Amino acid sequence: MPSDQKTIVDEISLSDLYDDPYPIYRRLRTEAPVAWVPVANRYLVTRYDDIVHLERHPEIFIANEHGSLMTRIMGHTLLRKDGAAHRRERAAAEAPMRPRTVNRHWMPLFQRNADDLIDEFAADGGGDLFRQFAGPLAARNLALVLGLRDASDVDMQRWSQAMMDGGGNYADDPVVWERADKAAAEIDEAVYAAVRHVREHPDESVISSMVHAADPLTVDEIRANVKVFVGGGLNEPRDSISVAIWAVLTHPEIRAAVEQDPARWRAVFEEAIRWVAPIGMYPREVAQPVELGGVTLEPGSRLGVCIGSANRDESVFERPDDFDINRPSKAHIAFGGGPHFCLGTWVARAQVAQVALPTLFRRLPDLRLSDTQEVRLGGWVFRGLLNLPTLWGV
């Protein structure tokens, strides 16, 4: 329970957060920026400056949260470790995701995957680009980067959704746990096969990097970390691709700008993940007595770090609810910060801003939203489009 009863905000429901968290966040930023929300069983931290502060003090606000939903499903991943333990596992995994390797090795493969997928539906004249393009492309690219050689697009998407649903299962739904446990077991089998292969045939993949690191990870450590990569590493590019497509199709002036100057797709990507942060909330735990946002927190206090709120903080971003690639430059925090800054940042930027978006709009120049179906969004722990009905060529 909170130490300051005045911070309790008990009228918020999980369904309200899922449907549209932004009005809730706006009120919390003004009235209770560090608020105990019983339905989430944690304090929600909603202001940009408070979140930047806590990420700069990982010795106080630790990632190794007791009772973590993520740990329950995946095992003890690097995202729930601090200090030297976190640095060791991050170092083992990071080489394949450095900018030089991304540009040299992965970019041509990402381009091939994007073109192959568009070839499959270009003649259809319309479809759901969330289902036909954004999801499969993110899945196919991630399987390559990780080294899951036998995992299909369908497998990767099903596993990712199960990992995300389990990590956000604050309602303690037993069906969600069952689905997550099944996916976790299947990922374990795929990892075992990949580890056996790269021990004899090292390659550019993340699994190979972890196996052959200067301080190699154990199979159990690799299994846990692959699960967390399958979760966040798929939904973030998938959701940023689909949100960016939707935003461009509903903002003709932005479409004209990127068609005139394709280098501006990078600005579209960065604004898309600010506007709708794919990873909208992640947990931290307080390790020392501290004051944050005017609230005294005791050791053991559980926090929900609301990136989706911080990226719409009106004290930092002008007209924060608008999609605007020309806004004054301010650093969004969709990739987190501090020691846990997103390991896949450069992979995401490459596959979305340099490949997926320019390729799709170049190959489907008359792309437009469906005039009979509505776009739907959902989520708060993870948030993005649920569909993207579009037309082209008819």
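Everything discussed here concerns the structure shown above.
Residues numbered from 1 in each chain as written. Predicted model: local features only at pLDDT ≥ 70, side-chain atom pairs only at ≥ 80, totals over all residues. Heavy atoms only, no water.

### Considerations on the nonpolar core
Next, step 1: Ranked by size, the top nonpolar core spans 110 residues in total, and within it Phe133, Leu148 and Met156 carry the most contacts.
Next, step 2: Excluding residues that lie within four positions of it along the chain, Leu148 makes contacts with Ala143, Met156, Trp159, Ala190, Val191, Ile207, Val226 and Val230.
Next, step 3: Core analysis: the next-biggest nonpolar cluster, separate from the first, contains 23 residues, Tyr48, Phe61, Leu297 and Val305 among them. (Core = buried A, V, L, I, M, F, W, Y, C linked by side-chain atoms within 4.5 Å. Buried < 20%, exposed > 50% of the residue type's maximum accessible area, 1.4 Å probe, protein only. Contact = heavy atoms within 4.5 Å.)

### Observations concerning the packing of helix α7 (residues 129–146) against helix α11 (residues 219–249)
Next, step 1: In contact at an axis separation of 9 Å, α7 and α11 are set at 145° when each is read in the N-to-C sense. Here α7 runs over α11; the crossing is right-handed. Between α7 and α11, the residues in contact are Phe130, Phe133, Ala134, Gly135, Leu137, Ala138, Ala139, Leu142 and Leu146 and Val226, Phe229, Val230, Gly233, Leu234, Pro237, Arg238, Asp239, Ile241, Ser242 and Ile245, respectively. (Axes fitted to C-alpha atoms, helices over the stretch in contact; angles between N-to-C directions. Helix = DSSP H or I, 4+ residues; strand = E, 2+ residues; numbered from the N terminus. Left-handed = near helix turned anticlockwise from the far one by under 90°.)

### With respect to the environment of Phe361
Next, step 1: Tracing the sequence through the fold places Phe361 in helix α15 (residues 345–363).
Next, step 2: By relative accessible area, which is 7% here, Phe361 ends up buried.
Next, step 3: Through-space distance from the C-alpha of Phe361 to that of Arg255 is 9.3 Å; in sequence the pair is 106 residues apart.
Next, step 4: In this view, Phe361 contacts Ile245, Val248, Leu249, Arg255, Trp265 and Leu367; residues no more than four positions away in its chain are not counted.

### Section: the sheet that holds strand β8 (residues 302–306)
Next, step 1: As summarised here, the arrangement of the five strands in space is β1-β2-β8-β5-β3, forming an open sheet in which the pairing is mixed. Single-partner strands in this sheet number two, and they are β1 (34–37) and β3 (61–62).
Next, step 2: Summarising the sheet, strand β2 (residues 42–45) and β8 pair through three bridges and their orientation is parallel. Paired with Leu44 across the strands is Gly304, a residue of β8.
Next, step 3: Strand contacts of helix α3 (residues 48–55): β1, β2, β3, β5 (281–286) and β8, with the helix running at about 55° to β5, the strand carrying the most contacts. (Pairing = 2+ DSSP bridges.)

### A few points about the pattern of salt bridges
Next, step 1: For the structure on display, the rule yields 32 salt bridges.
Next, step 2: Arg27 is the partner of Glu11 in a salt bridge, and the nearest nitrogen-oxygen pair spans 3.0 Å. Taken together, the residues span a long stretch of sequence, with Glu11 in the segment before α1 (14–19) and Arg27 in helix α2 (residues 22–31) at a distance of 16 residues.
Next, step 3: Residue classification places Arg27 among the partly exposed residues on the basis of a relative accessible area of 28%.
Next, step 4: Between Arg327 and Glu271 there is a salt bridge, with the nearest N and O atoms lying 3.0 Å from each other. Here Arg327 is found in the loop between α14 (307–310) and α15, whereas its partner Glu271 is found in helix α13 (residues 265–275), with 56 residues between them in sequence. Neither Arg327 nor Glu271 differs from the other in exposure class; each is buried. (Salt bridge = Lys/Arg side-chain N within 4 Å of Asp/Glu carboxyl O.)

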